[in-house]
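Observations on the model geometry
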Amino acid sequence: MAWVRAWRAGLVPFDELADEIAGDEEHLVADAPGTWTDVPLGQALPAFAKLHPDEIRLVLPAPGDPRGLPGPGELTGAALLAGEALVTPSFGVVPELRRHTSGSGVEFETVLWRFYPVPAYKPTFQLGAAEAEVELTTALTEATTRLTRLDVAQWRPELAGALQALRRPESTATLPPGFDPRSRRLFARASILDQVLALAEHNAPGGAVNGYEAQQRDAALRPLTSACRQALVAACNAPLHA
């Protein structure tokens, strides 16, 4: 939802907003203010019209790490389950991925964004892009060192290669206008790393990794996963510039 922040900053026209967010996917919204049924994404976006860009915050929570969420309640429970939420002073929005099968057997997905009230909003401290970049670099170095000791290249060569590739600068054309070069670089790097970590969740083909090795691999990647989440949050919530 970095595009919503850019729109509220006057850097992106409203007419382009829904298409930029959804891309080729179908996005619907449930329980949006002033609606009584699921509506297309574009019809729900005016709910953000009175908000300042800095009041719109991405949150990427995980079990044991609910940073950025209000206290216990429906919003917090849904956000922890989804691993993602958009939080404002008056409401939160959580995505839900729905899978469907057409009558002809074709499978497709729909993203449903559900609105939740925010019972008690309290601004929370978060890392800036500079600090998050340092933490991500440190975590990546440490994880790579630990995985090298585990000889990860023998049983997960694509993971080892992907981690090494992350040391090279990546494209910065991944956020809407208004984000500075550091935030763009951080977002691009963390986005690719997020895909690498998703790959690492699967065991190596043919059982080349045993239970102990899998535990050691997960322990090596856990701090990196946390740093990656915080990097994405820091990049998307960074101050915007005209």
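Structure first, text after, so check above.
Residues numbered from 1 in each chain as written. Predicted model: local features only at pLDDT ≥ 70, side-chain atom pairs only at ≥ 80, totals over all residues. Heavy atoms only, no water.

Here the focus is the overall build of the protein. Counting its regular elements, the protein contains 9 helices and 6 strands. Out of the 242 residues in the protein, the part that is buried amounts to 42%. Here the protein displays about 12800 Å² of accessible surface, and carbon together with sulfur accounts for 54% of that area. (Helix = DSSP H or I, 4+ residues; strand = E, 2+ residues; numbered from the N terminus. Buried < 20%, exposed > 50% of the residue type's maximum accessible area, 1.4 Å probe, protein only. Areas by Shrake-Rupley, 256 points an atom, 1.4 Å probe, with all protein chains shown as cover.)

Attention shifts here to the side chain of E133. Here E133 lies in helix α5 (residues 129-149). With relative accessibility at 14%, the residue E133 sits in the buried group. Other than its neighbours up to four places away in sequence, E133 contacts R182, R185 and L186. (Contact = heavy atoms within 4.5 Å.)

Quick look at the packing of aromatic side chains now. For the structure shown, the criterion picks out 4 aromatic pairs. Centroid distance F48 to F115: 6.3 Å. Interplanar angle 55°. Geometry classified as tilted. Taken together, the residues F48 in the loop between α3 (41-44) and β3 (57-59) and F115 in strand β6 (residues 107-117) connect sequence positions 67 residues apart. A relative accessible area of 2% places F48 in the buried class. Judged by relative accessible area, F115 falls into the buried class, the value being 8%. Ring geometry for F91 against F115: centres 4.9 Å apart, planes inclined by 40°, an arrangement best described as tilted. Placement of the pair is F91 in strand β5 (residues 91-101) and F115 in strand β6, with a sequence separation of 24 residues. Taken as a pair, F91 and F115 share a single burial class, namely buried. (Phe/Tyr/Trp six-rings, centres within 6.5 Å; stacked < 30°, edge-to-face > 60°.)

Following the criterion strictly, the structure yields 7 salt bridges and no others. Salt-bridge contacts for R5 lead to D54; the nearest nitrogen and oxygen are separated by 3.2 Å. In this pair, R5 is assigned in helix α1 (residues 2-8) and D54 in the loop between α3 and β3, connecting sequence segments 49 residues apart. For R5, a relative accessible area of 2% gives the class buried. Where E133 meets R182, a salt bridge forms, and the shortest distance between an N and an O atom there is 2.6 Å. Highlighted residues: E133 in helix α5 and R182 in helix α8 (residues 181-200), separated in sequence by 49 residues. Taken together, the shared-partner salt bridges in this structure form one network comprising D65, R67 and R229. (Salt bridge = Lys/Arg side-chain N within 4 Å of Asp/Glu carboxyl O.)

We now examine the environment of A139. Tracing the backbone shows A139 in helix α5. Take A139: its relative accessible area is 10%, and that puts it in the buried class. Along the primary structure A139 and T225 are separated by 86 residues, whereas in three dimensions their C-alpha atoms are 8.7 Å apart.

This paragraph deals with helix α2 (residues 14-22). Considered for burial, the residues of α2 that qualify are L17, I21 and A22. Along the axis of α2, the buried residues cluster in a sector spanning 95°; they form a single face. Exposed residues on α2 whose side chains face more than 90 degrees from its buried face are D15 and D19. Where the residues of α2 are buried, they touch α1, β1 (26-30) and α3. Two residues or fewer after α2 comes G23, characterised by a positive phi angle close to 65°. (Arc of directions from axis to C-beta.)

Residues L136, L186, L193, L224 and C228 are the most contacted members of the largest nonpolar core, which totals 32 residues. Looking at this core, the elements that each hand over two or more residues are α5, α8 and α9 (211-236). Of the residues forming this core, the biggest block, 11 residues, is contributed by α9. In terms of nonpolar packing, the next biggest core, distinct from the first, is built from 19 residues, W7, L45, L51 and L86 among them. (Core = buried A, V, L, I, M, F, W, Y, C linked by side-chain atoms within 4.5 Å.)

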